Amino acid sequence: MAKDKTSWRKPIKATKEMGRIMAEYFYELNDASKSRRRKIAWCTSVGPAEILRAMGFLVHFPENHGAMLGASRMATDMIPVANARGYSPDICSYLTADVGAYLKGVTPLSKAYPGIDEVPKPDVLVFNTNQCRDVQDWFAWYAKEFGVPIVGIHTHRGIVDVTEVHVPSIAGQMEALIPPLEEISGHKFDMQELKRVVGLSRKCSDLWQEVLFTAASVPSPLTFFDGTIHMGPAVVLRGTQQAIDYYELLLAELKERIANGVAAVEGERFRLYWEGMPVWGRLSAHAKLFSGLRANVLASTYCNSWIFKDFDPDDPFMSMAKAYTELFIVRADDAKEKYIEEMLEFFKVDGIIYHDAKTCPYNTNCRYGMPQRLEQKTGIPSLIINGDLNDLRMISDEQTQTNVEAFIEQLEERK
Amino acid sequence: MGDRAPAYIGVDVGSSRTKLAVFDAAKQLLGWHVRKSGTDFAATADACLQAGLQMAGRTAGDIVYTVSTGYGRKNVRFADETRTEIGCHAKGCYYYFPMAVSIIDIGGQDNKIIKIDDRGQRISFKMNRKCAAGTGAFLEEMSARLDIPLEDMDGLARKSTDMVKLGSFCTVFSGTEVLENIRRGKQVSDIVKGLFFSVIKRVMEMDSLTERVVMTGGVVANNRYLVQMAEESIGRKILVPEHPQLTGAIGAALYALEISET
Ligand code: SF4
């Protein structure tokens, strides 16, 4: 196969600005943690961040920290520390890497942001089990460690259609968080402020969707690997103006690429969909592997997970409840398959890569026959790669490479 | 090229053995060679080339194009291009059996199931996951544990009258199961057949099979009883090419021929 190892995805100019706002975010948290001048809440990545912001908390997202441990390839050395404390190598490797790093007294933040030597200390831990059970166990460990309260939302899982039965119960749980959070924050809950924050989150989400959907252009101006980096603000800064400003900037750059016919992967021959989590410690290796084969992995369920179409500032609790339950990860395979099918068509996809992540069954969708069903229905072939989000002990680079090359050869034969 | 007799080379550098095939322009297999891959893949491939050319009655000057494949495909100094072993196995199989088939390849380090349609195009493929259970490496490990030469395993398995059942997924756990059976006084032939059967089981659970099935790979070449056991397991005949171990190298040589024709 004609392979050009020199080809590479095009760098995005806006990245510098993202670096700036992310640095601001982390330093603000660090200052608050040191001075104790502002309260800090830890929140799950698709948890009720809007409520926390509206109540004046600064918000830290342990999953974001977990991903940083993965991307910096520190995770594999941290995980065994948590394993030795009884947290199995088979459970969430964000959890084990994060707890392991805490126990070792290290953080990737120090390297990225000089002067920060630890994660910000929480005043409260807030989870939503919409994504998995692991987050609750993870936060519970820290609640004990720091001696701070833990509160959470218990979401229904495996839902086909989100209905009246589900939404009010989740909204009720969200409202029930208010009294304890008022006590911890020392702030009275202000409905107007929540509406404002939900409005900002909605705007951020709409822009993030626009950014991701630029990948439907042929050639695509964006790759999935770019998406995993640029989703930072949508995760940790949604509900703020900075996130909105940033995505406007990024969107303008991508639109300019489209107008000029600029491809993220030069000579794009194949368009692929990524189903599952990224392998954080192999982001650039995977980006190179695919772009070297002139294949662009350009869309994913994962990056799309921070699109919350239902946020409505006029009805914040019910709409947040709906948005955080409509998510892909919360749903049954019927709903998931319908969604992926739509995405395959929208992004004009030639093939699907499923990542079977050893330690995250929740973001792994190839274990119950989905690839076979979707392939039968759409005729679009797929490949499963075995790996993990953070634990590099679960990875064989050689196998991944051979599988990906063979898959591209297979697509070539079909053209 | 003048009056030179063109030669097309395919070389498959596997984790355990390196295989080389020499073809002419009429798609005839002229020569081949197999040797242990060892630790210096490049040198092994060079040595295979020498031997293969000699058998084919060709010289290095006759080579038109070379495609390398397999685990060490990028280490072959004289290759013009690389292809994955998945593609090469499919092509090599289709050369012998031009029809829609499922190919079961049992290699030194990994197993594959590749499905091709009646035009020889790949429909899907699966490689085994990380563990070596069910691969050639597994049988090698067990032959060392039982202190039986690898080449005696096939004959022993055929003598079995009461096969031992081994249940584990894992090579290490299977080893423990084997020890347990030795302790219980089981016949070695029954244990070896149990090992063979576990290889078959590991492969069969990788993917479903279509009507026609082909088996390839070095493990199959050296342990033909595996084919018989697989036939018993699926209840139908299995096709085996003339040189099961060379399938990948043959496919690579056919790619070399195809590429140089376009
Ligand atoms: S969804 Fe998966 S990766 Fe995310 S916190 Fe839960 S188990 Fe970990």
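Overview of the structure. (Residues numbered from 1 in each chain as written. Chains lettered and ligands numbered in written order. Predicted model: local features only at pLDDT ≥ 70, side-chain atom pairs only at ≥ 80, totals over all residues. Heavy atoms only, no water.)

1. Digging into the overall build of chain B
In step 1: The helix and strand inventory of chain B stands at nine helices and nine strands.
In step 2: Against the compact-globule benchmark of 18 Å for 262 residues, chain B has a radius of gyration of 19 Å, which places it among compact chains.
In step 3: Residues classed as buried in chain B amount to 56% of the 262 residues present.
In step 4: Partitioning the contacts of chain B with sequence separation of at least 6, the portion at a separation of at least 24 is 66%.
In step 5: Of the roughly 11200 Å² of accessible surface on chain B, a fraction of 49% belongs to carbon and sulfur atoms.
In step 6: Across chain B, the mean location of the 33 positive side-chain charges is 4 Å away from that of the 31 negative side-chain charges. (Helix = DSSP H or I, 4+ residues; strand = E, 2+ residues; numbered from the N terminus. Rg over C-alpha atoms; globule rule 2.2 N^0.38 Å. Buried < 20%, exposed > 50% of the residue type's maximum accessible area, 1.4 Å probe, protein only. Contact = heavy atoms within 4.5 Å. Areas by Shrake-Rupley, 256 points an atom, 1.4 Å probe, with all protein chains shown as cover. Lys, Arg positive; Asp, Glu negative; His and termini not counted. Charge placed at Lys NZ, Arg CZ, Asp CG, Glu CD.)

2. Quick word on the sheet that holds strand 4 (residues 150–153) of chain A
Residue and element names in this part refer to chain A.
In step 1: Spatial ordering of the open sheet is given by 2-1-3-4, a layout of four strands whose pairing is parallel. Whereas interior strands pair on both sides, the edge strands pair on one side only; in this sheet they are strand 2 (58–60) and strand 4. If you compare each strand with its neighbour and ignore which way they point, the axes differ by 25° on average.
In step 2: Note: strand 3 (residues 124–128) against strand 4, four bridges, orientation parallel. Within strand 4, the position partnered with Asn-128 by the bridge is Ile-153.
In step 3: Against the sheet, helix 1 (residues 15–35) engages strand 1 (40–43) and strand 2, with an angle of about 105° to strand 2. (Pairing = 2+ DSSP bridges. Axes fitted to C-alpha atoms, helices over the stretch in contact; angles between N-to-C directions.)

3. Section: the packing of helix 4 (residues 75–84) of chain A against helix 5 (residues 93–104) of chain A
Helix packing for two helices is described by the angle between their axes and how far apart those axes are.
Residue and element names in this part refer to chain A.
In step 1: For the pair helix 4 and helix 5, the least separation of the axes is 7 Å and the interaxial angle reads 85°. Comparing their axes, helix 5 and helix 4 come out roughly perpendicular. For the pair helix 4 and helix 5, the contacting residues are Ala-75, Asp-77, Met-78, Ile-79, Val-81, Ala-82 and Asn-83 in the first and Ser-93, Thr-96, Ala-97, Val-99, Gly-100, Ala-101, Leu-103 and Lys-104 in the second. (Parallel < 35°, antiparallel > 145°, perpendicular 65-115°, else oblique.)

4. Points about the nonpolar core
In step 1: Judged by nonpolar contacts, the single largest core of 166 residues is most densely connected at Leu181(A) and Trp208(A).
In step 2: Not counting chain neighbours up to four residues away, the residues in contact with Trp208(A) comprise Gly227(A), His230(A), Met231(A), Ala234(A), Tyr247(A), Cys303(A), Trp306(A) and Ile307(A).
In step 3: Grouped together as the second largest cluster of nonpolar side chains are 33 residues, Met142(B), Met153(B), Leu156(B) and Met215(B) included. (Core = buried A, V, L, I, M, F, W, Y, C linked by side-chain atoms within 4.5 Å.)

5. Concerning the pairing of strand 3 (residues 29–36) of chain B
In step 1: Two elements, strand 2 (residues 17–23) of chain B and strand 3 of chain B, share seven bridges in a ladder whose sense is antiparallel. For Arg17(B), the partnering residue across the bridge sits in strand 3 of chain B and is Lys36(B).

6. A short note on the interface of chain A and chain B
How large an interface is tends to be reported as the accessible area lost when its parts come together.
In step 1: Across the contact, 21 residues belong to chain A and 23 residues belong to chain B.
In step 2: For the pairing of chain A and chain B, the buried interface totals around 1900 Å² over both sides, and the portion due to carbon and sulfur atoms is 41%.
In step 3: Linking chain A to chain B there are five salt bridges.
In step 4: One salt bridge connects Glu405(A) with Lys74(B), and the closest N-O pair in it is separated by 3.1 Å. (Buried area = accessible area lost by both parts, 1.4 Å probe. Salt bridge = Lys/Arg side-chain N within 4 Å of Asp/Glu carboxyl O.)

7. With respect to unusual backbone geometry
Residue and element names in this part refer to chain A.
In step 1: Across the junction of Val-218 and Pro-219, the peptide omega takes the value -5°, indicating a cis bond.
In step 2: A positive phi angle, close to 55°, is found at Lys-348, a residue other than glycine.
In step 3: By the secondary structure assignment, Lys-348 is in the loop between helix 17 (333–346) and strand 7 (351–357).
In step 4: Classification of Lys-348 by relative accessible area gives partly exposed; the value is 43%.

8. A closer look at the side chain of Ser124(B)
In step 1: Relative to the helices and strands, Ser124(B) resides in strand 8 (residues 122–127).
In step 2: With relative accessibility at 19%, the residue Ser124(B) sits in the buried group.
In step 3: Beyond its immediate chain neighbours, meaning those up to four positions away, Ser124(B) contacts Gln410(A), Ile113(B), Ile114(B), Lys115(B) and Asp207(B).

9. Re the environment of Glu50(A)
All names here are of chain A.
In step 1: Within the secondary structure, Glu-50 is located in helix 2 (residues 49–54).
In step 2: Placed 148 residues apart in sequence, Glu-50 and Val-198 show a C-alpha to C-alpha distance of 6.0 Å.
In step 3: Beyond its immediate sequence surroundings of up to four residues, Glu-50 is in contact with Leu-194, Val-197, Val-198, Ser-201, Arg-238, Phe-311, Met-320 and Tyr-324.
In step 4: Within the local environment of Glu-50, its side chain forms a polar contact with the side chain of Ser-201, the two groups lying 2.5 Å apart. (Polar contact = N/O pair within 3.5 Å; in protein donor to acceptor, adjacent residues only side chain to side chain.)

10. As for the environment of Ser16(B)
All names here are of chain B.
In step 1: Here Ser-16 lies in the loop between strand 1 (7–13) and strand 2.
In step 2: By relative accessible area, which is 22% here, Ser-16 ends up partly exposed.
In step 3: Once the C-alpha coordinates of Ser-16 and Arg-145 are considered, the two residues, 129 residues apart in sequence, prove to be 18 Å apart.
In step 4: The residues touching Ser-16, leaving out its near neighbours within four places in the chain, are Lys-36, Ser-37, Gly-108 and Glu-140.

11. Considerations on the site of the ligand
In step 1: Close contacts around the ligand come from Cys92(A), Tyr94(A), Gln131(A), Cys132(A), Asp134(A), Val135(A), Met277(A), Cys360(A), Tyr362(A), Asn363(A) and Leu389(A), and that covers them all.
In step 2: Shared between two domains, the shell around the ligand holds at least three residues of each, these being domain 1 (15–190) and domain 2 (194–414) of chain A. (Near = heavy atom within 4 Å. Domains from an automatic or database assignment.)

12. Considerations on the packing of aromatic side chains
Two numbers describe a pair of aromatic rings. These are the distance of the centres and the angle of the planes.
In step 1: Across all of its chains, the model carries 33 aromatic pairs over all chains by this definition.
In step 2: Arranged with centres 5.5 Å apart and planes meeting at 70°, the rings of Tyr102(A) and Phe146(A) form a pair that is edge-to-face. Residue Tyr102(A) is found in helix 5, and its partner Phe146(A) is found in helix 7 (residues 134–146); the two are separated by 44 residues along the sequence.
In step 3: Residue classification places Tyr102(A) among the partly exposed residues on the basis of a relative accessible area of 27%.
In step 4: Seen in terms of ring centroids, Trp280(A) and Tyr302(A) are 6.3 Å apart; in terms of plane orientation they differ by 70°. Their pairing is edge-to-face. Placement of Trp280(A) in the loop between strand 5 (270–275) and helix 14 (283–292) and of Tyr302(A) in helix 15 (residues 301–304) is noted, with a sequence separation of 22 residues between them.
In step 5: Relative accessible area serves as the criterion here: at 8%, Tyr302(A) is assigned to the buried category.
In step 6: Just above the ring of Tyr255(B) sits the side chain of Arg83(B); from NZ or CZ to the centre is 4.4 Å. (Phe/Tyr/Trp six-rings, centres within 6.5 Å; stacked < 30°, edge-to-face > 60°. Lys NZ or Arg CZ within 6 Å of the ring centre and 35° of its normal.)

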